[in-house]
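A closer look at the structure
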Amino acid sequence: MKELKILAIIVVLVLIGYWGIEPLAHSIMHKHVEEAIKKYNLPDFKFSDLDPLPSGVKGNAEAGKETVKAFCVSCHSLKKEGINAPMPSQAAAQSFGVVPPDLSNIGGILDEKYLYNFLKNPQKATENPKFSMPALGLNDQQIMDIVAYLKSIAKKNITGEDVVKEGCVRCHSIKYQKISAVSPADTMKKYLGKVPPDLSVIYKAKGEEYLDAFINKPQAIIPGTGMPRVGLSQEAQEKALAYLDEISDPHKEQRQKVGLLVLAYLAVMVGLTFAWKKKIWKNIH
Amino acid sequence: MADNKMSRRDFLLYAMGGWAAVGAVGVLYAMYKTWEPLPEVKAQATTKFDLSKVKPGELKVVSWRGKPVFVLRKTSDMEKCDNRTIAGEYTVVLGICTHLGCIPNWEADKKIWHCPCHGGEYNACGVNIFGPPPRPLDIPPFKLEGKTIVIGEEGPEYKKLIGQG
Amino acid sequence: MEKKGGFMNWLDRRLAVDALWRIMMSEYYLPKNINFLWSFGVLTMLVFAILVVSGIFLLMYYKPDAELAFDSVNKTIMMDVAFGWVFRHTHAVAASIMFLVLFIHIARGMYYGSYKAPREVVWITGFLLFVLMSATAFTGYLLPWGQMSYWAAQTITTLFEKIPFIGPDLVIWIRGNYIVADATLTRFFALHVVFLPLLLIVVTAVHLYAVRIVGSNNEDGIPMTKEEKKVKGIPFWPVFMAKEYFVMSVFLLFFFYLVFFNYSFAMDPINFQPADYLQTPPHIYPEWYFLAFYEVLRGFFFSQNLGLIAFVASMFIILFMPWLDTSPIVSGKRRPLYKIAFWIFIADFLFLTILGKLPPTGLYAWLGFVGSIVFFLFFIALPIISKIEKSQVERTGR
């Protein structure tokens, strides 16, 4: 039938156009992202570029507690143990660029291997040469003790919201959730080069694949970015992304439900109008 | 011509029109919903206020749904009115004159509310004692949580007061 | 005619509604040899109605202020207003689909020679509608105040800089600032929601009226005589509309599938980042419906001035089709040479559209140049094809 032939031509042309402006254009424009993902096999939760955990060294949480008290709390708070930050956050931000994180739950969101490497050499682990925290010169035993301790006190069953609040909100605001960054914008601008973007709808702007790779290894996606590698464990990162997805698109479920309803409604309408057209046009041809 | 085929009793035409009407109702419903107050407005539907912050004899004005609510902690020299007293010693009323909707002023020396618009007066219970107001100041729905009052929600104390009134 | 009640009779004596109804609807006869491509005119009306209605509801929460615009769209409308997201998705997708429908509507007119005498006024008003719709889409695209909105407006307004003598001052005047800023947003807002839609409605009325006077074209391009009309023609109302309902339903099914399940082509991810006048996103491009013209602009990559002239020409040359193509044969169906040119043109337009989104470097730049040349070759070929056909008609005597 002639009309179907015309329709087929239109459909083919539209599909070619759609393929060109969507999948093709994106694959060409985001080439460097896809190359980086392939090159480093991102997200890489094994943190392959970092040193392996020292073999034969077993962390002792009890000993770790003492080490933390000796080395960490001169800058960090540890609210779970009732230890407050040694200086007010404004002053801390002035001296470090950002406010140092509270250590209560950090063991629950960071990967163990990453945390070990981070304590050994923060600049290398974060891949950020300007990272404020200095290497402390601890030996493997001390580091593994700290890791064991931080893991032991961290909140169990951590949610995506917790991960984002612990891991991201020190620098990033989430305006639509009424969450402002812990560190003041002006000191961060000096420290990082720009004010980190708001995360309210970042999931829509960047998409899952990009964020999954970028959070895991920022320098691979944007060389020279101020964002440090934070070393979220696989579980923590998945939860964080699910949370960012949810807040950026709170009506997803409703949209799918209403969408199916509307399509079903229109399918019936197509049937009715087709029958009507047949009836009216019966005697015309 | 097709005209004679379109008898008024045509089932198909009615089915199509009826189905279109269903769609129109759906669209109108979505439009209707867009005019409802936004979540942040709805969040203001109730206001919490700590009654113990009011000193004896003092009047505080609390904003509830954009309207003033007078919270007066009464002293012994003021009028008594069991059916309008909340938590033993407080008058909590909507600060809107029942005459024409102006906001009356508290005159501490006379211990009355005086409406600037038409001179209506209410005593410390919020009962109209002079002028055009047709009835006492309204008591907003409330709930007591210890010494905290939640304005905008109907608690048992509110229902009791209204029942007495 | 059935007998009218008292009120209709009363109204008819004062407004001649009967006559109007007959001219516009019930005695507007269409030929039978038309296919569903002739339904796309009504589809543009449908999409326009959808745009107006969804736009009105967006307007109730949108804030045309550089500080507030982004959040009013992405927070208030998309998250807080009940069903606000439906209206925004619908508006964005409808804006995009409007151009798909328009392109098909225009291509149908080109293929079957609907621009030819005596339908020049239909063609001119139709062209005006296309330009006005483009302006509406362009001004509307700035309103969400995202990165893509901002930089699209920034680059397109910069084009005016090339106009001799007044260019640089004109750009500042259009923006109301040295860069695209709050003043630009608010004036674009005014144009988008009041001025341009009003013009669109007026020109649409003329367009529809004009087509009632000269009658619809058909596949063969041979008009019906007055006598044939009543015997062979089908009245627009109710018979042709019965087919329209079906086409509209199928179209709406497709349209709402996009609104609910595949909307990202109309809502660019980059636009979910707020406008930042200090940072251009790595890739900027117009919405898909401007890509072909944009590619003509970039096609002459070796000369900015030439590119700009070509860009303007590419949008306006189509207006002159009735005078470029003077062949006595109307429908492309019976013009083998024209048919070939037409399909090359369609393929080229598609090619330019796809190329318009790719980075303009290396091979792509040259392909863009070739594509742009082919675009204009079509219009240069029209008088030549006309001449050949004219002599053929004279020889064979039809």
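Procedures and definitions
- Residues numbered from 1 in each chain as written.
- Chains lettered and ligands numbered in written order.
- Predicted model: local features only at pLDDT ≥ 70, side-chain atom pairs only at ≥ 80, totals over all residues.
- Heavy atoms only, no water.
- Helix = DSSP H or I, 4+ residues; strand = E, 2+ residues; numbered from the N terminus.
- Rg over C-alpha atoms; globule rule 2.2 N^0.38 Å.
- Buried < 20%, exposed > 50% of the residue type's maximum accessible area, 1.4 Å probe, protein only.
- Contact = heavy atoms within 4.5 Å.
- Buried area = accessible area lost by both parts, 1.4 Å probe.
- Salt bridge = Lys/Arg side-chain N within 4 Å of Asp/Glu carboxyl O.
- Polar contact = N/O pair within 3.5 Å; in protein donor to acceptor, adjacent residues only side chain to side chain.
- Pairing = 2+ DSSP bridges.
- Axes fitted to C-alpha atoms, helices over the stretch in contact; angles between N-to-C directions.
- Phe/Tyr/Trp six-rings, centres within 6.5 Å; stacked < 30°, edge-to-face > 60°.
- Lys NZ or Arg CZ within 6 Å of the ring centre and 35° of its normal.
- Domains from an automatic or database assignment.
- Patch = residues over 30% accessible without salt bridge, like charges linked within 9 Å, V, L, I, M, F, W, Y side chains within 5 Å.
- Areas by Shrake-Rupley, 256 points an atom, 1.4 Å probe, with all protein chains shown as cover.
- Core = buried A, V, L, I, M, F, W, Y, C linked by side-chain atoms within 4.5 Å.
- pLDDT = per-residue confidence, 0-100.

This part is about the overall build of chain B. If you tally the helices and strands in chain B, you get 3 helices and 10 strands. Ordered by position from the N terminus, the helices and strands of chain B form the series α-α-β-β-β-β-β-β-β-β-β-β-α. Computed over C-alpha atoms, the radius of gyration of chain B comes to 26 Å, more than 25% over the 15 Å expected from 2.2 N^0.38 for 165 residues, which places it beyond the range of a compact globule. Across its three principal axes, chain B shows a C-alpha extent of roughly 90 × 35 × 30 Å. Expressed as a percentage of its 165 residues, the buried residues of chain B come to 39%.

Moving on to the interface of chain A and chain C. With 50 residues of chain A in contact, the opposing surface of chain C contributes 53 residues. Summed over both partners, the interface of chain A with chain C buries about 4700 Å², with 74% contributed by carbon and sulfur atoms. With a closest N to O distance of 2.3 Å, Asp-71 of chain C and Lys-175 of chain A form a salt bridge. Here chain A is connected to chain C by 14 residue pairs in polar contact (both at pLDDT 80 or more).

It is worth spelling out the side chain of Thr-98 of chain B at this point. Assignment of secondary structure puts Thr-98 of chain B in the loop between strand 4 (90-94) and strand 5 (105-107). Not counting the four nearest positions on each side in its chain, Thr-98 of chain B is found in contact with Tyr-122, Pro-133, Pro-134, Arg-135, Pro-136, Leu-137 and Asp-138 of chain B.

Residues and elements named next belong to chain B. Pairing is antiparallel across the open sheet formed by 3 strands, whose spatial order is 1-10-9. A strand with exactly one partner marks an edge of an open sheet, and here the two such strands are strand 1 (47-50) and strand 9 (142-145). Mean inter-strand twist for the sheet, computed between neighbouring axes without regard to direction, equals 25°. Relative to strand 10 (residues 148-151), strand 9 runs antiparallel, the two being bridged by 4 bridges. Across the sheet, the residue bridging to Leu-144 is Ile-149, located in strand 10.

The tally for this structure, following the rule as stated, stands at 61 aromatic pairs over all chains. The interplanar angle of 80° and the centroid separation of 5.6 Å between the aromatic rings of Phe-118 of chain A and Phe-131 of chain A together place this pair among those described as edge-to-face. Highlighted residues: Phe-118 of chain A in helix 6 (residues 112-120) and Phe-131 of chain A in the loop between helix 7 (122-126) and helix 8 (140-153), separated in sequence by 13 residues. The same class applies to Phe-118 of chain A as to Phe-131 of chain A, namely buried. Judged by centre distance (6.5 Å) and plane angle (40°), the ring pair of Phe-83 of chain C and Trp-85 of chain C falls under tilted. Judged by relative accessible area, which is 13%, Phe-83 of chain C ranks as buried. The lysine or arginine in question, Lys-277 of chain A, covers the ring of Trp-281 of chain A, its NZ or CZ lying 4.8 Å from the ring centre. For the cation-ring pair, Arg-212 of chain C lies above Phe-236 of chain C, with the distance from its terminal atom to the ring centre recorded as 5.0 Å.

As a further point, take the domain arrangement of chain A. Entries for chain A in the domain assignment read domain 1 (41-248) and domain 2 (253-285). Taking only C-alpha atoms into account, the centre of domain 1 of chain A sits 54 Å from that of domain 2 of chain A.

Residue and element names in this part refer to chain C. A cluster of nonpolar side chains, namely Leu-337, Ile-340, Ile-344, Ile-373, Leu-377, Ile-380, Ile-384 and Ile-388, defines an oily patch on the protein surface of about 690 Å² accessible area. Put simply, the parts of the chain that give the nonpolar patch at least two residues each are helix 15 (336-355) and helix 16 (362-396). Of all the elements, helix 16 adds the most residues to the nonpolar patch, at 5 residues. Within the secondary structure, Ile-340 is located in helix 15.

What follows is about the nonpolar core. In terms of nonpolar packing, the biggest core is built from 157 residues, with Phe-99, Met-110, Phe-255 and Met-321 of chain C touching the most fellow members. Here Phe-99 of chain C is in contact with Phe-130, Met-133, Ser-134, Ala-137, Trp-288, Tyr-289 and Phe-290 of chain C, once residues within four sequence places are set aside. By size, the runner-up hydrophobic cluster in this structure holds 62 residues, among which are Phe-118, Ile-143, Tyr-149 and Ala-213 of chain A.

Residues and elements named next belong to chain B. Reading across the sheet, the 4 strands line up as 5-6-7-8 and stay open at both edges, with antiparallel pairing between neighbours. Two strands close off the open sheet at either side, each with one partner strand: strand 5 and strand 8 (128-130). Bridging between strand 6 (residues 112-114) and strand 7 (residues 121-122) involves 2 bridges; their strand directions are antiparallel. Opposite His-114, over in strand 7, you have Glu-121 as the bridge partner.

Here we come to the confidence of the model for chain B. Residue and element names in this part refer to chain B. Averaged over all residues, the pLDDT of chain B is 89; the fraction at 70 or higher stands at 93%. Mean pLDDT across the elements of chain B bottoms out in helix 3 (residues 156-164) (82) and peaks in helix 1 (residues 11-34) (95). For the stretch residues 1-5, pLDDT sits under 50, and the model shows 7 contacts to residues farther than four places along the chain or on other chains. Scoring of the predicted complex yields 0.91 for pTM and 0.94 for ipTM.

Moving on to unusual backbone geometry. Residues apart from glycine generally show negative phi values, whereas peptide bonds are mostly found in trans. That bond from Ala-117 of chain C to Pro-118 of chain C is cis: its omega, 5°, falls within 30 degrees of zero. As for its placement among the helices and strands, Pro-118 of chain C is situated in the loop between helix 5 (84-111) and helix 6 (120-142). A cis amide bond, omega 0°, links Trp-237 of chain C with the succeeding residue Pro-238 of chain C. Mapped onto the elements of the fold, Pro-238 of chain C is located in helix 11 (residues 236-261). The phi torsion at Arg-65 of chain B lies on the positive side, around 50°, for a residue other than glycine. In this structure, Arg-65 of chain B sits in the loop between strand 2 (59-64) and strand 3 (67-73).

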